[in-house]
Amino acid sequence: MNEVNLVIAGRAGQGLQVISRTLGRMLVRAGYHVFISQDVMSRIRGGHNFARVRVRTEPVAADGDKAQVLVALDPALVARHLPGLAEDAVVVADTADGLPEGLSATRLPLADIAREHGKDPVMANAAAVGAALALVGLEPVGLDEMFESQFARKGGDVVKRNVAAAEAGFRAIMEEQQRSCPHRLLPPTTQGDRLLISGAEALALGAIAAGVRVVTGYPMSPATPIVEYCFRHAREAGLIVEQTEDEVSAANLAIGSAFAGARAMVCTAGGGFCLVNEALSLAGMTEVPLVLCVGMRPGPATGMATRTEQADLLFSIYSGHGEFPRAVLTPADAAQAFHAARDAFGIAEKYQTPVIILFDQFMADALWAVERSSLMSVVSSPSSVVSNTAAIKPYSYRRYEVTENGVSPMLVPGTPEQLVYADSDEHTEEGHITESAAMRVLMVNKRNAKLSGIMQELEGPKVEAEVEVEAEAEVEAEKETLVFCFGSTRGVVAEATARLRGKGHEVAMVHLKCVWPFPAEAVSGLVGKGRKVVTVEQNYSGQLAQLLLQECGLRVAGTVRQYDGRQLAVAEVEVGLEELIGAKSG
Amino acid sequence: MAEDKAWSTSAEITWCPGCGNFGILAALRQALAAAGLEPWQVVVVGGIGQSGKVAQYIGANFLHGLHGRAIPHALGVKLANPELKVIVVGGDGDLYGEGGNHLLHAFRRNPDIVCLAHNNGVYGLTKGQAAPTSSPGFAPKNREAGTHIPAFNPLAAGLAMGGSFIARGFAGDIKHLARLIGEAFEHKGFGFIDILQPCVTYNHVNTAEWYRKRVYDLELESHNPLDADAARARILEWPAEGDDVEIPIGVFYRSRRPAYETCGRPGQAVTRLEFDIDVVKKAMEEFR
Amino acid sequence: MTDITLAIAGQAGQGVDTASELLARTLVRSGYHIFSYPNVMSRIRGGHNFTAVRVSDRQVYSTPGKFNALLAMDELSVREHRADMVEGGTMIAEGRMPSIEHHGQSSNDEARMTIETRNSNDRGRGERADRPTILRVPMAEIAGKHGGSKTMANVVGLGALLALTESGDSPRSRGRDRNPVQSPFSKLRNLLKERFASKGEEVVRQNLACLKAGADHIRERRVTNVECRMLGQSATGNRQSGKRGRLLLTGNHAIALGALASGVRFHAGYPMSPSTPIMEYLAAKQAEAGLVMEQAEDEIAAIIMVIGAAYAGARAMTATSGGGFSLMVEGLGMAAMAELPVVVVLAMRAGPATGFPTRTEQGELLFVTSASQDEFPRFVFAPGTAEEAFCATNRAFELAARFQVPAVVLSDQLLSDSLWTVPSFNLARTRVSSDFDESAWQGRPANSYRRYAITASGVSPRLRPGFRGQLVRSLGSEHDEDGFQTEDKAVRVKMHEKRMSKLEAMAGAMEAPTCYPEETADVAVVCFGSTYGAAREAVDILRSERVSVAMVHLCDLIPFPRERMTALLAPARKVITVEGNSTGQLAALLRRETGIKADAQVLKYDGRPFEAASLAEEIRRKC
């Protein structure tokens, strides 16, 4: 097979993350493309969590349709996954009791294997890794190295016991399934040097690559893993990672650091972002380069803490009181998250204004296979702090000097014989408080002027998988449909539109990885005349569609929406789009 | 009087097996049953975190609000309707970190609210970060932030802010805790109880066993809770790394102050006042 | 037609605010309409503040233009406002000598001043006709003598200022009020008596003595001011509006009264200009009106307490400005998720960050429409006048309660701080519905109440906690009908749709945009909030020049009246938006909601309100 979908289900606390990541890394190392998403409940133990692992010989960026393999660490969970299983699916669980007929169930005593070979029932997860490898036809080589990297610091023989449990799981399947292994993968078609990395980790890594020095946050899903990653690498990367008493403090601390000249980033989500609103406005007024990683989850209020949504699009664009320029980046996946972090620091510092990286739980927690080379090409943007201060007469520095593009030369406090002010009140060029109407207008215009500069920095959107137009132009242009999306739905929409093209629909995707400043001209140019426009977005009211109307005067023919806390599936988008395309052109 | 078992709900409890929250929940149920209250007379205001979920499990009215905000939510309820018995339930991150400012002012205001602070020295629901009450030297998995600074001492803060009922309980001693909660119910003012509890998943230093070996009951030491100096001394008793100082539990300090909702307030449930248009007419006249 | 402006200027702490309020109220009682706008610096002492009181015999809606007379409490005020005076205006300035001087000289250039001293009767002749007459009155000194304290200098000044309204017949007759009942002077005397009665007879006597001494100082000089004198002469006219009479109050007070008239029972707030007077007013009304006002430790606590009180069953509100609202954003979402009605007054000032604490702007329109994570129905009202503020506040309370959603009343420093003359509010038109139908729950089986019961309207019956036998569960996490937390996706969808389904009925409950003076014209001027006054008067000016223009003002903004606006603007040849911000937020919202792109925008963001004349000029240029 060129694709296998596995579901690994268990209770919180059973180590599902370990299984999916270990399995994923084994598959990536073997040359496959892998995509893993996490479905987690808001609790520490128990409940029902699962990971979807999709392995392909071709690149992949979305969950698959039906699963061919289900590994259940708790047999009681099998029933819940039956509707999502392919007809020829294999189920691995401690007991095969109660499963419908026709389903190929393998009774695999995971718990016994764990106890026997791992000396600990928790090692059932390692046994599951071995079993899964066997089912897709991969040898369990290199497991020791894999477990070493995860458990080395636990010391003792933890690594050894994990390997033993995994190998036992592998053997058990091989013995059981000797006669047939229906889901064996074809050899990989491409060889690549890939990393398996979560969106959150890629974002953090990108920030480190961009030279971040101070990372702040208060624990809140789905932003916590960014801070944790930074913390783990704090020493080697020369970072200060500060967990503050609340989000208000996190943001204000980061502003202080940015003012002092350190690249600073605050990581938060939903309710935490609400609390950061005042500080965001402060960063805009004081012209401090501040990067905010903002995770989206279903709301309002506490909503659903561990689930996904894209409903904070307009909120992030208009958050904070008063008016000030900002950029809002909406990366689709781990690779884009990495680059978004670089862009964010580049823009924030060059334009001395806040930049928001808006992501969602799905993107942050999913594990993506990323070409290593695509990350290596990055260099952090040069510092915008004026290095040659000799030209500035002593004590004559003007923090808010009015310039054509709105950007004032930046000095940081501690520069010899210069004073640096940051003022939250309306201020003069020197940074002193003012109530002058003329100065106010000058300063508002100065700040707003940055927006057009920011726009030029950002790569515009493009039509992906452009429909090949016949030379004779037989294809009527108005039949073409452009599907707009932003953020994490890119992989899903790309696959759905590809399927639709396979069915003969003239449809292509435009993904926005930056929604503010809105690339209105570029979008209008892409749409041209007569093309039908629809959006796919995970919110109730179609916020991207609203933005298209607001900024470009484009009225969408429809929107595929979802707001149940789960990521849209390819099949759902396919059906939704087909209805919209059919409806209008039919 | 409602039976102990009446103080439960149909909601599935999503705590880890062995969690200290179970002890606190049991103690609260016992205390409620003993206090002769009916569930509909009680409002439990929960913060966000594993602790705040007590609101969902106790079988009374609840307002399960925002992280860190249980105290102002509760104050709003109490000021609007002083007849309700209002109980705040939150965690250490919730009440001491995110909502720390509100706690300081609650001690000052002294509303007739019972506040149960689940203190396990670690963040649970976000998976193991240091909390304001994490002891120095406590090294949560992969993290060290917050552990180089002294732990927040809510009892000392309460005493400094003029708190009128300052107590500490232990989730492992349900009987004692239930009695403490009962005393807090009877106290006309801000009945604050810091409750030591183990976190079986993330705190491997301050385990149930660790606490059990160290806690002692202030009452057995003939501590006088009306003596602020004695209270201060007891409040500062806490084992440093490696030493075997014991940890007192019980009521450290108690004083009589009028409850906030009775000070210069309408003194009744404004929720039940009838609208009186004459008030508006009269108010309007002042603008002639 | 009378339409003149009297201004009072001085340092913070010199009583500019009190004096201008007394002046305005005096003139309202004399039968005039007032619009008084305070121009205040963000400081407690010193600096320079001034309040311009526009006086007219018809209703006025916007900030004054040039000053006909100015009471300058200090020298800076004299210098600052020379350019603001109308031709031949009169300044009454603190100081001794010389008695009269003219614009254009430094005030200590006594020799020249003496030469150029002239009586105001010479006004209009000669090359210096445009210069204001400056009358020196040693206010502080007189106050010290008659009032025992120089803090009464503002009352001395008021006396001098009002003396200008008297006819300049003979010095002797000017010594007394010609018509003791009707003259502004006597109205002010009565007002001072009322105001200081509680402070004792001595204080009243001192104030009256200061007032008279100030007036006499001008009377002695036989100077007057033609426009001001009109006020005195026409003060006997019949300008009382209807049976109910008129009120003089700030926008903040109109909002606070609107809250009282809506049965507000709880207010929590944290002081922040320009919203603070709402909190202060309600604090003073606690005992009388049976409400609780709590000054919270911060804005976060304020809105959270409000949510607690709303849960308990009280009609509850808070008031703040931009920065405070930023901190309340999470609470707004909490109210929405818990489906609790809360009213938030956001009095905007110039931002971002601290910005201009005491100055006006309309920069938070899009912020309030999308504030807080995820989506939920909310109301946003942006009243244009004090009268509308009163009514909109009542609608905010009523509709928030009816739909169990948060409502925002969007004010700004201009609306909030200005003194408005309004017809006494018609209480017959305000509504206070009962938010609970508890009788329906008597005798129901215990524990059968479901806080989030799914209904056709999306609105579930409310109960107050403390209802015998029933439990009320409210929360900020996604939940089922009983109020228990859930992660079930089908329930999530049902609940999200339940909340959002209220939008349609909410939109139906909104009031239509105000069209002035008619629905359609060649040019439609679209605005919201406090821009109403300047836009309306600009339309008057343009129409007097035969420009076909009409104003469309949005008070009930969100849910946006999509169909109505589309229909209203369709016939217009040109749509021009007018708003007090730098990015054209109303224009963006209009296009987002209707697809209509404004043909032109007039923006103002210098912290000062629009002025009708210059706005008319801008619109003219763009039509």
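Before any of the text, the structure's been laid out above.
Conventions used here
Residues numbered from 1 in each chain as written. Chains lettered and ligands numbered in written order. Predicted model: local features only at pLDDT ≥ 70, side-chain atom pairs only at ≥ 80, totals over all residues. Core = buried A, V, L, I, M, F, W, Y, C linked by C-beta atoms within 7 Å. Buried ≥ 20, exposed ≤ 12 C-beta atoms within 10 Å, placed from the backbone. Helix = DSSP H or I, 4+ residues; strand = E, 2+ residues; numbered from the N terminus. Contact = placed C-beta atoms within 7 Å. Pairing = 2+ DSSP bridges. Axes fitted to C-alpha atoms, helices over the stretch in contact; angles between N-to-C directions.

I357 of chain A together with V525 of chain C are the most contacted members of the largest nonpolar core, which totals 465 residues. Per element, the largest residue contribution to this core is 12 residues, and it comes from helix α13 (residues 299-312) of chain C. If near-sequence neighbours (up to four positions away) are discounted, I357 of chain A is found in contact with L203, V291, L292, C293, V294, L329, P331, A340, A341 and A344 of chain A. Membership of the second largest hydrophobic core comes to 13 residues, among which are A12 of chain A together with W15, C19 and A131 of chain B.

Read from one edge of the open sheet, nine strands run β7(B)-β8(B)-β5(B)-β6(B)-β4(B)-β3(B)-β1(B)-β2(B)-β16(C), paired in mixed fashion. Only two strands of the sheet have a single partner each, and these edge strands are β7 (215-217) of chain B together with β16 (473-475) of chain C. Strand after strand, the sheet turns through a mean of 20° between neighbouring axes, direction not considered. Pairing analysis gives four bridges linking strand β1 (residues 42-46) of chain B to strand β2 (residues 61-64) of chain B, with the strands arranged parallel. Along β2 of chain B, the bridge assignment pairs V44 of chain B with F62 of chain B.

All right, on to the sheet that holds strand β3 (residues 46-56) of chain A then. Residues and elements named next belong to chain A. Read from one edge of the open sheet, eight strands run β6-β5-β4-β1-β3-β2-β14-β7, paired in mixed fashion. The sheet terminates laterally at β6 (104-107) and β7 (194-198), the two strands that pair on one side only. Sheet twist, expressed as the average angle between the axes of neighbouring strands with direction ignored, equals 20°. Across two bridges, strand β2 (residues 33-39) lies against strand β14 (residues 367-371) in antiparallel orientation. By the bridge assignment, I36 is partnered in β14 with L367. Sitting on the sheet, helix α1 (residues 16-29) is in contact with β1 (3-12), β2, β3, β7 and β14, with an inclination near 5° to β3.

Trans peptide bonds make up most of the peptide bonds, and negative phi angles are found at most residues other than glycine. Cis geometry marks the peptide bond from W516 of chain A to P517 of chain A, where omega comes out at -5°. The topology assignment puts P517 of chain A in the loop between β18 (514-516) and α18 (520-527). Residue P352 of chain C follows G351 of chain C across a cis peptide bond; omega there is -5°. Relative to the helices and strands, P352 of chain C is located in the loop between β12 (343-348) and α15 (365-370). Its identity as a non-glycine residue notwithstanding, S222 of chain B has a phi of 45°, on the positive side. Along the chain, the position of S222 of chain B falls in the loop between β7 and α9 (228-235).

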